[in-house]
Amino acid sequence: MKQVQSFSSKDRKARFQGIAKNHYELIIIGGGITGAGIALDAVTRGMSVLLVEMQDFAAGTSSRSTKLVHGGLRYLKQFEVGMVAEVGKERAVVYENGPHVTTPEWMLLPIHRGGTFGKFSTSIGLRVYDFLAGVKRGERRSMLSASETLKREPLLKQDGLKGGGYYVEYRTDDARLTLEVMKEAAARGAVLFNYAKAESLNYDANGRVTGITVRDMLDGAVKNVSGTKIVNAAGPWVDQVREMDKSKKGKMLQLTKGVHLVIDQSKFPLRQAVYFDTPDGRMVFAIPRDGKAYVGTTDTVYKADPARPIITVEDRDYILKAIHYMFPGVKITAADVESGWAGVRPLILEEGKNPSEISRKDEIWESPSGLITIAGGKLTGYRKMADTVVDLVAKRIQEGGGKAYGPSVTKTLPISGGHVGGSSQFPDFVRQQTEAGAAQGVDRKLAEQWAQMYGSNVSVLFRMAKEGSNQAEASALPIAVLVPLMYAIEQEMASKPVDFFIRRTGSLLFDIEWTRKWKQPVIDYMAAELSWSDAQKAEYTKELDEELASATHPAAHEPPSAPSVSKSYSNKKLSS
């Protein structure tokens, strides 16, 4: 195994200074779930790997999804049988390798007269789905009568209700899943940087791509790094990278936007996850999570800056209308929406199809320069996509006279935090760690919460709790906030307040009052730990305030179309 790489933001600047000293067999542009999966697959085959992400890890699509590792039931409707079979099987792999970030969730599919799904077609469809996806015996579908359907979710529209299908999906924390894959790659020797933008591609005399010029977006430092193969896994930005390579020809992306709203369960007492029809024939999820219910998604063509998708009044009203349609007794108003998020899906353009009809399949493109691009795809299929990409990388390296690499080993490889003995052992693991934490003086409920969230890494948090008791008083932060913050900085490369509140804890999305309450003490702590200037502190505070506003105040209109890749690095005038 290669040397474990640091994943701390405390030594990030010093490590960035050294990246040009090495030649990497693989450089990956893009730090979402696809890039993370490629990094882990490649490093476990023995390749030297560098990954750069211009924002925070998972800041794009990979923290803004419906947060389901789902088996692709909707693709049966489009007769994409192969996709159902593949993502269904991959879903089980993702769960086994990271049961702390993935949870089985029974999903109710209500069947109404005149709806998208009929009772017979749903029964057949779910049976085919069980078969194709290799669903475990205990998780196979059942068909429910109208009364059984209402028993599971009494809020459903009763008019025209014929029954329901009942099947298992898998709920996840998409950003934390991405981080855990990244951390496992770092533990095995991959070099990974957030806030590091590939500004240009470098070529040899024959026009073959040989590396990248990368800029540290936090202090403006620039390095030239060489690599044998370069993979473009930039999600919504893959076409911009292809433009840099002068190879944006043929197929290209069609970005679509998806919006979700979060409502407290005191206002929307949803008992059960539901996948339901909307008045316009689309399907929407309503999912309970930790005292909240979140509902989405929309699906509209998106042409503005993919770095800053926003919720519009029209998006919000569409989802509220969908809630009123399927849950008519729930009198939700705009004032009841606590927060929400907008995300961009990088789909492959198919002329003449509306956004909901465009395939979610992934494709790999090779340019004349040797740049490999992975486009499209789904969260659920990230590991399989990585396997396919790294197979191609390995083949090209060997063809160029390099060494041979073996096949992928990630199918049975736990991700960081997932070293708990598999999904069947996870409940026992949580019980044992809850006792261990309580024995070390951590509140029992908090110990259990940490064990569920951080999996096999929880012992690090228990140790930090012991070490951080003095800091808690000085920082005005309780252990319940301080320890996850220390862990985010030292073990998960959180560099800004938005990283902590959105992608390390999810609190800005699912517990916005917690975010508001601890905002200032967290900023003060991070400023001291990471030696921010006053100007940096002001800028990062403003950035968090903008995210809070975006989550809670829909915009009147979509912003104008923008070719922007992202705003320029933030502290040009501050770099020393």
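Residues numbered from 1 in each chain as written. Predicted model: local features only at pLDDT ≥ 70, side-chain atom pairs only at ≥ 80, totals over all residues. Heavy atoms only, no water.

Participant: Even after reading the chapter, I still don't get the overall build of the protein, so can you show me in this structure?
Facilitator: Looking only at helices and strands, the protein has 19 helices and 17 strands in total. Whereas a compact globule of 576 residues would reach a radius of gyration of roughly 25 Å, the protein reaches 23 Å, a difference of no more than 12%. Overall, the C-alpha framework of the protein stretches about 65 × 60 × 50 Å when taken along its three principal axes. A total of 576 residues make up the protein; the buried ones form 61% of that total. Counted over contacts in the protein with a minimum sequence separation of 6, partners at least 24 positions apart contribute 74%. Working note: accessible area of the protein is about 22,700 Å², and carbon and sulfur atoms make up 52% of it. A gap of 3 Å separates the mean positions of the 76 positive and 67 negative side-chain charges of the protein. (Helix = DSSP H or I, 4+ residues; strand = E, 2+ residues; numbered from the N terminus. Rg over C-alpha atoms; globule rule 2.2 N^0.38 Å. Buried < 20%, exposed > 50% of the residue type's maximum accessible area, 1.4 Å probe, protein only. Contact = heavy atoms within 4.5 Å. Areas by Shrake-Rupley, 256 points an atom, 1.4 Å probe, with all protein chains shown as cover. Lys, Arg positive; Asp, Glu negative; His and termini not counted. Charge placed at Lys NZ, Arg CZ, Asp CG, Glu CD.)

Participant: I would appreciate a short explanation of the packing of aromatic side chains in the present structure.
Facilitator: By convention here, two paired aromatic rings are described through the distance between centres and the angle between planes. Summed over the entire model, instances satisfying the criterion amount to 17 aromatic pairs. A centroid spacing of 4.2 Å and a plane angle of 10° characterise the contact between Tyr275 and Phe285, whose relative ring orientation is stacked. Of this pair, Tyr275 sits in strand S11 (residues 273-277) while Phe285 sits in strand S12 (residues 283-289), and the two are 10 residues apart along the sequence. Of the two residues, Tyr275 and Phe285, neither departs from the other in class, the shared state being buried. Every member of this aromatic cluster is reached through a ring pair, and the members are Phe268, Phe276 and Phe327. A cation sits over an aromatic face here: Lys157 above Tyr325, 3.9 Å from the ring centre. (Phe/Tyr/Trp six-rings, centres within 6.5 Å; stacked < 30°, edge-to-face > 60°. Lys NZ or Arg CZ within 6 Å of the ring centre and 35° of its normal.)

Participant: Would you mind showing me how to read a nonpolar patch on the surface here?
Facilitator: A contiguous nonpolar surface patch, about 300 Å² in accessible area, is contributed by Phe120, Ile124 and Val128. Note that Ile124 resides in helix H5 (residues 119-133). (Patch = residues over 30% accessible without salt bridge, like charges linked within 9 Å, V, L, I, M, F, W, Y side chains within 5 Å. Salt bridge = Lys/Arg side-chain N within 4 Å of Asp/Glu carboxyl O.)

Participant: Could you clarify how one ought to interpret the pattern of salt bridges in this entry?
Facilitator: In a structure, side chains of opposite charge can pair up when their charged atoms sit close to one another. Enumeration over the complete set of coordinates arrives at 45 salt bridges. The closest approach of N and O atoms between Asp290 and Arg289, which form a salt bridge, is 4.0 Å. Owing to a relative accessible area of 70%, Asp290 belongs among the exposed residues under this scheme. Overall, the relative accessible area of 10% leaves Arg289 in the buried class. One salt-bridge network, held together by shared partners, links Asp41, Arg45, Lys384, Asp387 and Asp391.

Participant: Any chance you could explain the nonpolar core here in plain terms?
Facilitator: Formed by 67 residues in total, the largest nonpolar core has its most connected members in Trp450, Leu477, Leu485, Leu508 and Val522. Top element by residues in this core is helix H15 (residues 479-491). It accounts for eight residues. If you look at the next biggest cluster of nonpolar residues, it comprises 46 residues, including Val49, Ala186, Ile397 and Tyr405. (Core = buried A, V, L, I, M, F, W, Y, C linked by side-chain atoms within 4.5 Å.)

Participant: Help me out: how do you make sense of the side chain of Gln536 in this one?
Facilitator: Tracing the backbone through its elements, the reader meets Gln536 in helix H19 (residues 534-552). A distance of 2.9 Å separates a polar side-chain atom of Gln536 from the backbone nitrogen of Ser533. (Polar contact = N/O pair within 3.5 Å; in protein donor to acceptor, adjacent residues only side chain to side chain.)

Participant: I would appreciate a short explanation of the packing of helix H18 (residues 512-529) against H19 in the present structure.
Facilitator: Pairs of packed helices are described in terms of their axes, by the angle between the two and the distance that separates them. It is the contact of H18 with H19, at a shortest axis distance of 11 Å, that shows an interaxial angle of 170°. In this view, H18 runs roughly antiparallel relative to H19, as classed from their interaxial angle. Contacts between H18 and H19 involve Ile512, Thr515, Arg516, Lys519, Gln520, Ile523, Asp524 and Ala527 from the first element and Lys537, Thr541, Leu544, Asp545, Leu548, Ala551 and Thr552 from the second. Partitioning the contact of H18 with H19 into residue classes produces six nonpolar, four polar and five charged. (Axes fitted to C-alpha atoms, helices over the stretch in contact; angles between N-to-C directions. Parallel < 35°, antiparallel > 145°, perpendicular 65-115°, else oblique. Nonpolar A, V, L, I, M, F, W, Y, C, P; charged D, E, K, R; others polar.)

Participant: What exactly am I supposed to notice about unusual backbone geometry here?
Facilitator: Glycine aside, a negative phi is what most residues show, and trans is what most peptide bonds show. Gly296 connects to Thr297 through a cis peptide bond whose omega is 25°. Despite not being glycine, Lys246 has its phi angle at roughly 55°, a positive value. Here Lys246 shows up in the loop between helix H8 (238-244) and strand S10 (253-264). Given the relative accessible area of 69%, Lys246 is considered exposed. A positive phi angle is found at Asp290, which is not glycine, with a value near 50°.

Participant: Explanation requested: helix H10 (residues 382-399) in the structure shown.
Facilitator: Side chains three or four residues apart in an α-helix point the same way, a direct result of the helix having 3.6 residues per turn. Its 18 residues place the ends of H10 26 Å apart at the C-alpha level, agreeing with the 26 Å of an ideal helix rising 1.5 Å per residue. Within H10, the full set of buried residues consists of Tyr382, Arg383, Met385, Ala386, Asp387, Val389, Val390, Leu392, Val393, Ala394 and Ile397. One or two steps after H10, the chain reaches Gly401, where phi turns positive at roughly 95°. (Expected span 1.5 Å × (residues − 1).)

Participant: Just checking my understanding: could you explain the packing of helix H16 (residues 497-504) against H18 for this structure?
Facilitator: Relative orientation of the contacting elements H16 and H18 amounts to 140°, with a least axis distance of 9 Å. Of the possible angle classes, the one that applies to H16 and H18 is oblique. By crossing handedness, the relation of H16 to H18 is classed as right-handed. Seen from H16, the contacting residues are Pro497, Phe500 and Phe501; seen from H18, they are Trp514, Thr515, Trp518, Lys519, Val522, Ile523 and Met526. (Left-handed = near helix turned anticlockwise from the far one by under 90°.)

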